[in-house]
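What the coordinates show
Given next are the chains, with one letter for each unit.
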Amino acid sequence: MKNVVRRRRAVAFMPASSVLATFLLLLVPKVMAQPVEGPCMIVARDLAVPDCSRCHGEGGVGRATDGYPRLAGLSAAYLERQLRLFRDGERQNGEMGEVARQLTDDAGRALAACYAGLATPKPDDYEMFEASFLAAGEHLASVGRWADNLPACNQCHGPQGVGVGEVFPRLAGQRFEYIESQLRAWREGHRSGDPLSLMGTVAARLEEADIRAVAAYYASLPVRNVEQDAQR
């Protein structure tokens, strides 16, 4: 009981300044925990449409554990086209199909333009890969393997995977897990919508080690956005 009394007295006679300081310290974590709205979150809110960051991460960085791709820096034309494919059922994904059907053409265009303009840095959870593994991926990306009729990925996706137009997306800086999963989806016929079935044909010739090496190489590259590329 004596110990209890002492503690109660200590609190009772604590100076007012100490009480205020303790209160503020307890308050700070709550203030810091408030999410900061990014530009694309604001666009979504103003349009009264689903917030993409709930799945694709703050700043459009993607989520490795759930396989959601990076959106930041992808071309607006490509993002718009994918939204149309999801909406029309030409690209299958339950979540994205539902979201895309809620968007008007103008809303999809506004969100696509917003994410295309972002150059969000890579988060800390990007994987690191051995140099030999990256070298194998770089060779496939830049040279291909013509003995197996495998063209270089960069022939369609641009030098260092910067992306070309609305069909061939930026691969540089994309999530390893996402590139890997999509190459498997193309290979196994679970994804379509590519011109002349080009991606399906190429992916069918990839071994599992090829898929992982190419995905690792592109994931290791720096992230940029469309405006930065235009200034080069």
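Residues numbered from 1 in each chain as written. Predicted model: local features only at pLDDT ≥ 70, side-chain atom pairs only at ≥ 80, totals over all residues. Heavy atoms only, no water.

**Things to note about the confidence of the model for the chain**
Chain-level statistics for the chain give a pLDDT mean of 84 and a share of 80% at 70 or above. At the low end of the mean pLDDT range in the chain sits helix α1 (residues 2-12), at 42; at the high end sits helix α7 (residues 105-116), at 97. Taken as a whole, residues 1-14 scores under 50 in pLDDT and shows one contact with residues more than four places along the chain or in a different chain. Low pLDDT, under 50, characterises residues 19-35; the stretch is placed with one contact to residues that sit more than four places away or in other chains. (pLDDT = per-residue confidence, 0-100. Helix = DSSP H or I, 4+ residues; strand = E, 2+ residues; numbered from the N terminus. Contact = heavy atoms within 4.5 Å.)

**So, the state of the cysteines**
One pass over the full model with this rule turns up one disulfide. Between C40 and C114 runs a disulfide, and the two sulfur atoms are separated by 2.2 Å. Across the disulfide from C40 to C114, rotation about the S-S bond amounts to roughly -105 degrees, and the bridge is consequently left-handed. Of this pair, C40 sits in helix α3 (residues 39-47) while C114 sits in helix α7, and the two are 74 residues apart along the sequence. Between C52, a cysteine without a disulfide, and C40, which holds the nearest cysteine sulfur, the sulfur-to-sulfur distance is 7.5 Å. (Disulfide = S-S within 2.5 Å.)

**What to know about the side chain of Q174**
Residue placement: Q174 occurs in the loop between α9 (154-157) and α10 (176-187). Of the residues examined, Q174 reaches a relative accessible area of 4% and is grouped as buried. Here R70 takes part through its backbone nitrogen, which lies 2.6 Å from a polar atom of the side chain of Q174. (Buried < 20%, exposed > 50% of the residue type's maximum accessible area, 1.4 Å probe, protein only. Polar contact = N/O pair within 3.5 Å; in protein donor to acceptor, adjacent residues only side chain to side chain.)

**Some thoughts on the packing of aromatic side chains**
One pass over the full model with this rule turns up three aromatic pairs. Ring geometry for F129 against F176: centres 5.0 Å apart, planes inclined by 50 degrees, an arrangement best described as tilted. Of this pair, F129 sits in the loop between α7 and α8 (131-142) while F176 sits in helix α10, and the two are 47 residues apart along the sequence. An aromatic cluster is defined as three or more aromatic residues linked by ring pairs; in this entry it consists of F129, F133 and F176. (Phe/Tyr/Trp six-rings, centres within 6.5 Å; stacked < 30°, edge-to-face > 60°.)

**As for the environment of Q82**
Locating Q82 in the fold gives a position in helix α5 (residues 76-88). A C-alpha to C-alpha distance of 10.0 Å links Q82 and G108, two positions 26 residues apart in sequence. Every residue in contact with Q82, bar those within four places of it in the chain, is listed here: R91 and R191.

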